[in-house]
Amino acid sequence: MISKKMEEALNEQVNAEMYSAYLYLSMESYFRSLNLNGFANWMRVQTQEEMMHAIKIYDFVNERGGRITLKAIEGPPTKWKSPLAVFEAVYAHERKVTGLINNLVNLAVEEKDHATNTFLQWFVNEQVEEESSADEIVQQLKMMKNAPGGMFMFDRELGQRVFTPPVAKGE
Ligand SMILES: [Fe+2]
Ligand SMILES: [Fe+2]
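Here the residue index of a chain counts from 1 through its sequence in written order. For naming, the first written chain is A and the first written ligand is 1, with later ones following in the order written. Only residues with pLDDT of at least 70 are given local features in this predicted model, and only at 80 or more are side-chain atom pairs given and counted; all residues enter the totals for whole chains, interfaces and linings. In computing side-chain properties, one takes all heavy atoms of the structure into account and sets aside hydrogens as well as water.

## Focus on the overall build of the chain
Selection criterion: The secondary structure listing takes helices from DSSP runs of H or I that are at least 4 residues long and strands from runs of E that are at least 2 residues long, numbered from the N terminus. Whether two residues are in contact is decided by their heavy atoms: any pair within 4.5 Å suffices.
A tally of helices and strands in the chain yields five helices and zero strands. Element order for the chain, N to C, with α for helix and β for strand: α-α-α-α-α. In terms of principal-axis extent, the alpha carbons of the chain reach across some 55 × 30 × 25 Å. Intrachain contacts of the chain at a sequence separation of at least 6 include 81% that bridge at least 24 residues.

Next comes the structure, spelled out in structure tokens:
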């Protein structure tokens, strides 16, 4: 059984993951308005991943005999000044989420909750990837300095990203 404190903290993280999904869906909408449909596709995949993160935590809390109580999701920003500004915001957001995950790990260690600690290691690794892919796109956008030809090619490349649903867990 999970402690009340850990349960509450994981509930907060479900909200944070849902907010991430909401933020990236808002970014998708921004890219759609610019007809950058490859960038928009990248954001759609990102949104799906964040929703999957939320569900992963949701299932874990239930599995441990805890209870999920959903709260309001904050409204995300709706406008950015450039594609670069969007990805700088993605990078900053993912660094913030890494901080939240690290705090959860610290709490699990404090509570001597080994099962939650082990569960969270997947997120620790995921955040390394999340930060590095956001930073990579920031660097690439800086290099092309919004040159139209470069943006066109890059849009096509980001359009290739596909969401891979997690493999269902056997009972
Ligand atoms: Fe996430
Ligand atoms: Fe993320």
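## Observations regarding the coordination of the iron ion (ligand 2)
Formally: A donor here means an N, O or S atom no more than 2.8 Å from the metal, or no more than 3.2 Å when the metal is Na, K or Ca. Since water is not included, a site may seem to lack partners. Irregular is the label for any site that misses the other tests, which are tetrahedral for four donors with all angles between 85 and 135 degrees, and square planar for four donors or octahedral for six when opposite donors exceed 155 degrees and the remaining angles lie between 65 and 115. Each residue is assigned to one of three classes by its accessible area relative to the maximum for its type, calculated with a 1.4 Å probe on protein chains only: buried under 20%, partly exposed between the two thresholds, exposed over 50%.
Taken together, the protein donors to the iron ion (ligand 2) comprise Glu50 (OE), Glu94 (OE), Glu94 (OE) and Glu130 (OE), at separations of 2.0 to 2.6 Å. Geometry at the iron ion (ligand 2) is irregular, judged from its four donor atoms and the angles of 53 to 148 degrees they form at the metal. Counting the intervening residues between successive donors of the iron ion (ligand 2) yields the motif E-x43-E-x35-E. The metal-metal distance between the iron ion (ligand 2) and the iron ion (ligand 1) is 3.4 Å, with Glu50 coordinating both. Remark: Glu130 occurs in helix H4 (residues 114–144) and Glu94 occurs in helix H3 (residues 83–110); sequence separation between them is 36 residues. Each member of the pair Glu94 and Glu130 is classed as buried.

## Concerning the pattern of salt bridges
Put simply, the test is: For salt bridges, the criterion is a side-chain nitrogen of Lys or Arg within 4 Å of an Asp or Glu carboxyl oxygen.
By the definition in use, this model includes seven salt bridges. Here Arg32 makes a salt bridge to Glu28, at a shortest N to O gap of 3.1 Å. Taken together, the residues Arg32 and Glu28, both in helix H1 (residues 4–33) and four residues apart, mark about one turn of the helix. Residue classification places Glu28 among the buried positions, given a relative accessible area of 5%. Its salt-bridge partner being Arg64, residue Asp113 comes within 3.2 Å of it at the nearest N-O pair. With Asp113 in the loop between H3 and H4 and Arg64 in the loop between helix H2 (37–63) and H3, this pair connects stretches of sequence that are 49 residues apart. The class of Asp113 is buried, set by a relative accessible area of 9%. The network of salt bridges with shared partners includes Glu28, Arg32 and Arg44.

## A word on the coordination of the iron ion (ligand 1)
Around the iron ion (ligand 1), the protein contributes the donor atoms Glu17 (OE), Glu50 (OE) and His53 (ND1), which lie 2.1 Å from the metal centre. Coordination of the iron ion (ligand 1) draws on donor residues from a single chain, spaced E-x32-E-x2-H in sequence.

## Topic: the nonpolar core
Within soluble globular proteins, side chains that are nonpolar tend to cluster in buried spots. Threshold: Here, the term nonpolar core denotes a set of buried Ala, Val, Leu, Ile, Met, Phe, Trp, Tyr and Cys residues that are joined through side-chain atoms within 4.5 Å.
In this structure, Phe31, Phe39, Met43, Phe87 and Leu141 are the most contacted members of the largest nonpolar core, which totals 25 residues. Contributing elements (two or more residues each) for this core: H1, H2, H3, H4 and helix H5 (148–158). Counting 19 residues, the second largest nonpolar core, distinct from the first, contains Ala9, Leu10, Ile57 and Leu104.

## Considering H5
The following threshold applies: Arc definition: it is the arc formed by the directions from the helix axis to the C-beta atoms.
The complete set of buried residues in H5 reads Met151, Phe154, Asp155 and Leu158. The arc enclosing the buried residues of H5, seen along the axis, measures out at 105 degrees, which places them on a common side. Seen from the buried face of H5, the exposed residues on the opposite side, beyond 90 degrees, are Phe152 and Arg156.

## Remarks on the side chain of Thr116
Here is the rule we go by: Whenever two N or O atoms come within 3.5 Å, that pair is a polar contact, provided that in protein one can donate a hydrogen and the other can accept it, and provided that, for residues adjacent in sequence, both atoms are side-chain atoms.
Of note, Thr116 is situated in helix H4. The buried category is assigned to Thr116, whose relative accessible area is 0%. Engagement of the side chain of Thr116 in a polar contact is seen with the side chain of Asp113, the distance being 2.7 Å.

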